[in-house]
Amino acid sequence: MAAISTFFRLLLLISFVPSVFPQDTVFDVELVHRDSPKSPLYNSSMTPFDQLQAAVVRSVNRASYFDKRIDMNTSIDIELDLKYSGGEFLMRFGLGTPNLQYVFGFIDTGNYLNWVDCAGCQCFNLSGAQFYPYESLSYNKLPCNSDECNSLRLGRCNKDKMCQYHVTFGDGSNIDGIFSSETLSFTSLDTNQTTSFPNILFGCNFRSLHTKMEDPGSSIGLSPNSPSLINQLAPKYISKYFSYCLDVLNGASRLFLGRGKQTITGTTMVTPLMTQDNFYAVQLNAISIPQEFAVFLPKRSVLRAGNIIFDSGSAMTILDTEVMGRLVTELTYYVSLPTVKAGSMKLCFNVLSTEDEEDLPGLWFSFAGTSGNFRVRPENVFRWYNPHVKCMVIVETSGLQVFGNIMQQDVLVGHDLDKMELTIIEKQCTEL
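Residue indices follow the written sequence of each chain, beginning from 1 at its first position. Owing to the predicted nature of the model, reporting of local features is limited to residues with pLDDT of at least 70; listing and counting of side-chain atom pairs is limited to 80 or more, with chain, interface and lining totals taken over all residues. Excluding hydrogens and water, the side-chain figures rest on all heavy atoms present in the structure.

> Sorry, what's going on with the state of the cysteines here?
The disulfide definition used here is simple: a pair of cysteine sulfur atoms within 2.5 Å. Tallied over the full model, the rule gives five disulfides. Each sulfur of the disulfide joining Cys 144 and Cys 157 lies 2.0 Å from the other. Pair noted here: Cys 144 is in the loop between strand 5 (140-141) and helix 3 (147-151) and Cys 157 is in strand 6 (residues 156-157), with a separation of 13 residues, a long-range link. By relative accessible area, which is 14% here, Cys 144 ends up buried. Numbering of helices and strands starts at the N terminus; helices are DSSP runs of H or I of at least 4 residues and strands are runs of E of at least 2. Each residue gets one of three labels from its accessible area relative to the maximum for its type: buried under 20%, exposed over 50%, partly exposed in between, using a 1.4 Å probe on protein chains only.

And the structure:
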C-alpha cells in the first residue's frame, strides 16, 4: 500500500511540474495593501489619518529591527530586542495539491524565508487563513540532514530529526516551524491563469505568537539571498529579475516576477544595486529642488556598500538625523505655508485649500550613476495627517536609512539581480 501511495504521489507531482518557460516569461500577481478592504488585516474603524500614523510606527520599528540585524551581523535567527513589522503589501498565493489552499502573505524585500501558519498552529493572532499540510499530497517535511536544512541558517534538528527553526523577538513575538517543501501557485492578474511550481521551500509555522502586531501569518521573501522566492524561481523558470508597481489609490498594485521582452517606455532612473544582510542597497548622493537647494548625504553608512536600502515593507522614508535637519530647514524656508506640530512627524504644513496644496513641492533624489535622478511627486512626499495638515513622509534616524514604499508608489521599481541594477520607470500602475 505504501508503494502504491508513493506511486500516485509521484504521478500527481509530475502532472504539476510546469513546462519549460522562455527566459522572457513574466508572472504578474496582484498586490493588496494591508489597509485595503481586500486585506485580511483591514480595520474598517481606522481613518486614513489613523492608517498613516500607524504606518509611521511600523516603519520606525522595522528600521530599528534592521539596524539590530546589521549591528549583530546576523539574520532573523536570534533574539532581537525590538518589535518586528512584517510589511505593507500582500499577495495571494496557493499551496498544495490537488486542491489549492489560498492564503495572503506579506511580500518582503528584507526577508529571505517564505513561511505560512499551518493548521494547529498555536497562534496568538489568526488574522489570515492557515495551511493544512496533511490535506496536500505534495507537502514534505525536510529532514535535518538534508542539504536544504544545512543551507538554512535558521535550521536546527528536532527530536524527530526534522528541520526546525525558531525566531524570537524582544516584544514577545516568536515563530517556530518546520522547514518544508510544497507546490506553490499563483494566478496571473492579466490572464487569470494559475501556474504551479513544485518543491518550493518554505517554513510551516506550528507556533506563531505575535503579541503586539497584526500579521496575516504568511510571508513571501524577495531578498537577494536563498531561499527567497526570486532565488528559487530563477533561473529555472524566469530571469533573475522582479519589479513591482504600488498603487494604493486605485488598487492596481502588482508584482512582476521575471523580465519580459516588451519594453516599457517612460523616464527611467538606473542606479547600481548592492546587497547586504538580505537588503537591497543603493547610493543616494543628494536631495534637492533644482535651482533652489541641494542637501548632500554623507558617504558614511552602517552598510558596507551604499547608504540607503530600498524596502517594500516600510511605508516611510527614513533619513539620517543631520540630513533630515537640513532638509526640514530648506523646505520650511521654501514653502510659504505655516508649519504645525503633528505627532512625531518632523515637518507638517497647514493646508486649507487646493491652492495651498499646490505649494507643496516634489523632491529630486540623486542616486549614483549617470541616470540616477528620480523625482518623487508632491503627493508621494506629503500625505494627509488630518483634514487640514499634510506632513512629509520622512522620519529621522541615527542608524539605517530606508527609502520607503510611499515614495515608490505609482512607478515601476525593478530589481535586476543579474546586472545588479535598480530601475525606476515613471509609469502609472493602471497603464501596465
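> Is there a simple way to think about the side chain of Ser 39 in this case?
Within the secondary structure, Ser 39 is located in the loop between strand 1 (27-33) and helix 2 (48-71). Judged by its relative accessible area of 6%, Ser 39 is buried. Working rule for contacts: check all heavy atoms of both residues, and any pair within 4.5 Å makes them a contact. Excluding its chain neighbours within four sequence positions, the residues that come into contact with Ser 39 are Val 32, His 33, Arg 34 and Leu 90.

> It is not clear to me how the sheet that holds strand 21 (residues 363-367) should be interpreted in this structure. Could you clarify?
Each strand in a sheet pairs with its neighbour through backbone hydrogen bonds, running either in the same direction (parallel) or in the opposite one (antiparallel). In short, DSSP must find at least two bridges between two strands for them to pair. Ordered in space as 17-16-21-22, the four strands form an open sheet in which the pairing is antiparallel. For this open sheet the edge positions go to strand 17 (293-296) and strand 22 (373-376), each flanked by a neighbour on one side alone. Looking at each pair of strands side by side, their axes are set apart by 25° on average, direction ignored. Where strand 16 (residues 284-289) lies against strand 17, four bridges are found, and the strand directions are antiparallel. By the bridge assignment for strand 17, Ser 288 is matched with Ala 294. Helix axes are fitted to C-alpha atoms over the stretch in contact, other axes to C-alpha atoms as well, and angles between N-to-C directions run from 0 to 180 degrees. The sheet strands contacting helix 5 (residues 321-334) are strand 16, strand 17 and strand 21, and the helix crosses strand 17 at an angle near 170°.

> Hey, could you run me through the environment of Phe 131 in this one?
Along the polypeptide, Phe 131 turns up in the loop between strand 4 (115-123) and strand 5. Phe 131 gets classed as buried once you look at its relative accessible area, which sits at 0%. Residues Phe 131 and Gly 94, spaced 37 residues apart in sequence, show a C-alpha to C-alpha distance of 9.3 Å. For Phe 131, the contacting residues outside a window of four places in its chain are Leu 95, Gly 96, Gln 101, Val 116, Asp 117, Cys 118, Ala 119, Ser 136, Tyr 139, Glu 182 and Phe 202.

> Just to check I follow, could you spell out the layout of surface pockets for this structure?
A probe matching the size of a water molecule, rolled over the atoms, marks out where space remains unfilled. One number sums up the size of the largest pocket: a volume of about 950 Å³. Buriedness of a pocket was judged along seven lines, with at least five required to meet protein on both sides within 12 Å; pockets are open sets of points on a 1 Å grid over the protein atoms alone, cavities are sets where a 1.4 Å probe fits but cannot get out, and lining residues have an atom within 4 Å of a point. For the largest pocket, the lining is made up of 37 residues, of which Asp 247, Val 248, Leu 249, Arg 383 and Gln 409 are closest to its centre. Contributions of two or more residues to the lining of the largest pocket are made by strand 1, helix 2, helix 7 (378-381) and strand 23 (382-386). A per-class count over the lining of the largest pocket returns 15 nonpolar, 11 polar and 11 charged. Grid points are joined across faces, edges and corners, and a volume is the space filled by probe spheres set on the points. Basically, the charged four are Asp, Glu, Lys and Arg, the nonpolar ten are Ala, Val, Leu, Ile, Met, Phe, Trp, Tyr, Cys and Pro, and anything else, Gly included, counts as polar.

> When you look at helix 5 in this model, what are you seeing that I'm missing?
Two residues of an α-helix separated by three or four positions point the same way, owing to the 3.6 residues in each turn. Taking 1.5 Å as the rise per residue, helix 5 with 14 residues should run 20 Å; its terminal C-alpha atoms sit 20 Å apart, in good agreement. Listed in full, the buried residues belonging to helix 5 are Val 323, Met 324, Leu 327, Val 328 and Leu 331. Taken down its axis, helix 5 places every buried residue within 130° of arc, on the same side. Exposed residues pointing more than 90 degrees away from the buried face of helix 5 are listed as Thr 329 and Tyr 333. Whenever a nitrogen or oxygen atom comes within 3.5 Å of another N or O atom, the pair is scored as a polar contact, on the condition that within protein one atom can donate a hydrogen and the other can accept it, and that pairs from neighbouring residues in sequence are kept only if both atoms are in side chains. Of the residues that open helix 5, the one with a side-chain oxygen 3.0 Å from the backbone nitrogen of Glu 322 is Asp 320. Multiplying 1.5 Å by the residue count of a helix minus one yields the expected span of that helix. Of all possible arcs, the one meant is that of the directions from the helix axis to the C-beta atoms.

> Explain the side chain of Ser 138 here, please?
Tracing the backbone through its elements, the reader meets Ser 138 in the loop between strand 4 and strand 5. A residue is classified by how much of its surface remains accessible, and Ser 138, at 2% relative accessible area, is buried. Within polar-contact distance, the side chain of Ser 138 engages the side chain of Ser 136 at 3.1 Å. Among the polar contacts made by the side chain of Ser 138, one reaches the side chain of Glu 182 at a distance of 2.4 Å.

> Help me out: how do you make sense of the sheet that holds strand 20 (residues 348-350) in this one?
Read from one edge of the open sheet, three strands run 20-24-23, paired in antiparallel fashion. In this open sheet, the two edge strands, each paired with only one partner strand, are strand 20 and strand 23. In this sheet, adjacent strand axes meet at a mean angle of 35° when their direction is disregarded. Strand direction decides the pairing type here: strand 23 and strand 24 (residues 389-392), joined by four bridges, are antiparallel. Residue pairing across strands places Arg 383 opposite Cys 391, the latter belonging to strand 24.

> I tried to follow the pairing of strand 16 on my own but got confused; where do I start?
As a general feature of sheets, a regular strand has side chains that alternate between the two faces. Of all six residues making up strand 16, five are buried, and the element is well covered by its neighbours. Taken together, the four bridges between strand 16 and strand 21 define a ladder with antiparallel strand orientation. Each residue of the ladder has a partner; that of Ser 288, found in strand 21, is Trp 364. Counting the residues between successive antiparallel strands, the hairpin from strand 16 to strand 17 contains three residues, one of them, Gln 291, with a positive phi of roughly 65°.

> Sorry if this is basic, but what is going on with the nonpolar core here?
One broad rule of soluble globular proteins: the nonpolar side chains tend to lie buried together. Think of a nonpolar core as a cluster: buried Ala, Val, Leu, Ile, Met, Phe, Trp, Tyr and Cys residues, connected wherever their side-chain atoms sit within 4.5 Å. Ranked by internal contacts, the top residues of the largest apolar core, which has 97 residues, are Leu 257, Leu 327, Phe 367 and Met 392. With seven residues, helix 2 is the largest single contributor of residues to this core. Leu 257 has contacts with Thr 25, Val 26, Phe 27, Phe 186, Leu 222, Leu 229, Ile 230, Leu 233, Ile 238, Tyr 241 and Phe 242, leaving out every residue within four places of it along the chain. Core analysis: the second largest hydrophobic core is formed by 14 residues, Leu 113, Trp 115, Leu 152 and Ile 175 among them.

> Would you take a moment to explain the packing of aromatic side chains for this structure?
How two aromatic rings sit relative to each other is given by the distance of their centres and the angle of their planes. Between 30 and 60 degrees the pair is tilted, below 30 it is stacked and above 60 it is edge-to-face, where a pair is any two Phe, Tyr or Trp rings, Trp via its six-membered ring, whose centres lie within 6.5 Å. Applying the stated criterion across every chain, the model contains 16 aromatic pairs. Residues Phe 367 and Phe 403 carry aromatic rings whose centres are separated by 5.9 Å and whose planes lie at 70° to one another, so their mutual orientation is edge-to-face. Here Phe 403 lies in strand 26 (residues 402-403) and Phe 367 lies in strand 21, a separation of 36 residues in the sequence. With respect to class, Phe 367 is no different from Phe 403; both count as buried. In this structure an aromatic cluster arises from ring pairing among Phe 310, Phe 365, Phe 367, Phe 374 and Phe 403. A cation over an aromatic ring shows up here: Arg 259 above the ring of Tyr 241, its NZ or CZ 4.1 Å from the ring centre. Look at NZ for Lys and CZ for Arg. If either is within 6 Å of the ring centre and within 35 degrees of the ring normal, a charge sits over the ring.

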